[in-house]
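In case you want the letters, here they are:
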Amino acid sequence: MIVKNILVLYYTQTGQLEEILDSIISPLASSSDVKIHKCFLEPNPPFPFPWSSEEFFQAFPESVLEIPQGINIPNLDLSIDYDLVILGFQVWYLSPSIPVYSLFASEYAEKIFRNRPVVTVVGARNMWVMAQKVVNEKLEKAGATKVGAISLCDKAPNLLSVISVIRWMMKGDKGPYKDFIPTAGVKEEDIRNASVYGEFMKESLLNNSFKELQPKIYKNKGIFIDHRIFMMEKNARRIFKIWASKIIKKGSYGDKSRSRVLKVFKVYLLAVIYLVSPIASLVFYLTYPFRLRAIHKLENEFRQFL
Ligand SMILES: Cc1cc2nc3c(=O)[nH]c(=O)nc-3n(C[C@H](O)[C@H](O)[C@H](O)COP(=O)(O)O)c2cc1C
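Bear in mind the structure is a predicted one, so any value in this text is a computation, not a measurement.

Caption draft 1: The arrangement of the overall build of the chain in detail. Scanning the chain from terminus to terminus reveals 12 helices and 9 strands. Its C-alpha radius of gyration of 19 Å places the chain within 12% of the 19 Å reference for a compact globule of 306 residues. Each principal axis of the C-alpha distribution contributes one length, and for the chain these read about 60 × 45 × 40 Å. Classification of the 306 residues of the chain by burial places 35% in the buried group. For the chain, the share of sequence-separated contacts (at least 6 apart) that also reach a separation of at least 24 residues comes to 80%.

Caption draft 2: Structural view of the site of the ligand. Around the ligand, a shell composed of 20 residues is seen, among which Thr12, Thr14, Leu17, Ala124 and Arg125 lie nearest. If you list the elements that add at least two residues to the shell around the ligand, you get helix H1 (16-29), helix H2 (53-64), strand S6 (91-92), strand S8 (117-124) and helix H6 (158-171). Among the residues forming the shell around the ligand, the class breakdown is 12 nonpolar, 7 polar and 1 charged.

Caption draft 3: Spotlight on the sheet that holds strand S2 (residues 34-40). Strand order in this open sheet of 5 strands is S2-S1-S5-S8-S9, and the pairing throughout is parallel. With one partner strand each, in any of the chains shown, S2 and strand S9 (145-153) form the two edges of the open sheet. Taking each pair of neighbouring strands and ignoring which way they run, the sheet shows an average axis angle of 15 degrees. Strand direction decides the pairing type here: strand S1 (residues 4-10) and strand S5 (residues 84-89), joined by 4 bridges, are parallel. Bridge pairing in S5 places leucine 9 opposite leucine 87. Each of S5, S8 and S9 touches helix H5 (residues 129-141); the most contacted strand, S8, lies at about 160 degrees to it.

Caption draft 4: Just unusual backbone geometry, in detail. Note the cis peptide between phenylalanine 49 and proline 50, where omega equals -5 degrees. Looking along the chain, the bond that leaves glycine 175 and enters proline 176 is cis, with omega of 10 degrees. Among the secondary structure elements, proline 176 is positioned in the loop between H6 and helix H7 (188-193). If you check the backbone angles, glutamate 66 has positive phi at about 55 degrees while not being a glycine. Among the secondary structure elements, glutamate 66 is positioned in the loop between H2 and strand S4 (70-72). Unlike most non-glycine residues, leucine 94 shows phi in positive territory, near 65 degrees. Within the secondary structure, leucine 94 is located in the loop between S6 and strand S7 (95-96). Taking the number of C-beta atoms within 10 Å as the measure of exposure, leucine 94 has 22 and is therefore buried.

Caption draft 5: Looking closely at the packing of H1 against helix H8 (residues 195-207). In contact at an axis separation of 6 Å, H1 and H8 are set at 40 degrees when each is read in the N-to-C sense. By the angle between their directions, the pair H1 and H8 is classed as oblique. Note that H1 runs across H8; the crossing there is right-handed. Only Ser195, Tyr197, Gly198, Glu199, Met201 and Lys202 of H8 make contact with H1, whose side of the interface consists of Ser23, Ile24, Ile25, Ser26, Pro27 and Leu28.

Each value, and the rule that gives it
- Residues numbered from 1 in each chain as written.
- Predicted model: local features only at pLDDT ≥ 70, side-chain atom pairs only at ≥ 80, totals over all residues.
- Helix = DSSP H or I, 4+ residues; strand = E, 2+ residues; numbered from the N terminus.
- Rg over C-alpha atoms; globule rule 2.2 N^0.38 Å.
- Buried ≥ 20, exposed ≤ 12 C-beta atoms within 10 Å, placed from the backbone.
- Contact = placed C-beta atoms within 7 Å.
- Near = placed C-beta within 6 Å.
- Nonpolar A, V, L, I, M, F, W, Y, C, P; charged D, E, K, R; others polar.
- Pairing = 2+ DSSP bridges.
- Axes fitted to C-alpha atoms, helices over the stretch in contact; angles between N-to-C directions.
- Parallel < 35°, antiparallel > 145°, perpendicular 65-115°, else oblique.
- Left-handed = near helix turned anticlockwise from the far one by under 90°.

Below is the structure:
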């Protein structure tokens, strides 16, 4: 019996991403011919959780400009020839979280990914596409073969999930709160049902072919797509880069010298979310029929980068 080795790499603050990954790998973990190697990406120094408001916004410029920091992966065994690598990541400010892209900047990246099939798994609020693009580019550079992508998101209405996620990040409390704020994060049911993607991976490994993996994931709702949110995300990322480049000039991560400008950015961000984005949504829906061609183009883009 040939044992298949699967490497699972992830970082998580609340445990949500680990829950998602555990559900996905459950059909593989219960198989006697599969060995799972789970490795936590340990940022050095660690990030706080729950975050204070200051700490939360201090992470903005480095996230957007993709400035890496040190990471340790204590359980990583590079002497194993992994048959599949599963990379879990969350999104911070429309970019892969700092610990995850720090992996790509580290000495480990090529050793882990070169010539290996890789499935990515995102657990985010609802804006993950631009971060996925960054991860795809990094994987390509590291020589990986992308064979699948899964994204699980918070399906609550956009403006409510902004409140619930900020509450979760700053108080450590998922909610629900005061009748109208829903529970933050990916639904329990969606996490449970994610085990089906592990079944697909198992089939692919046993057949020695990943050709059918992504179409099956896509067909079984393994990709969260909202065109309206993607449109906003594309514009927001451009604007985030401008802000981040200005803020970084004031000082490096944690510097008090940039606290004031970060506070201005916070006000700007909340104003954009609550004042501009409802108007942008309205315009999007009113012009929807005229956007169909652009939307189909977008859809192709989604398929291509997976
Ligand atoms: C600093 C920070 C910024 C975030 N920015 C985004 C974002 O731009 N888009 C998004 O969908 N989720 C965003 N989130 C939510 C995370 O992607 C993720 O869902 C949440 O942090 C829980 O992940 P974890 O417990 O597995 O680390 C952000 C979270 C943090 C802490």
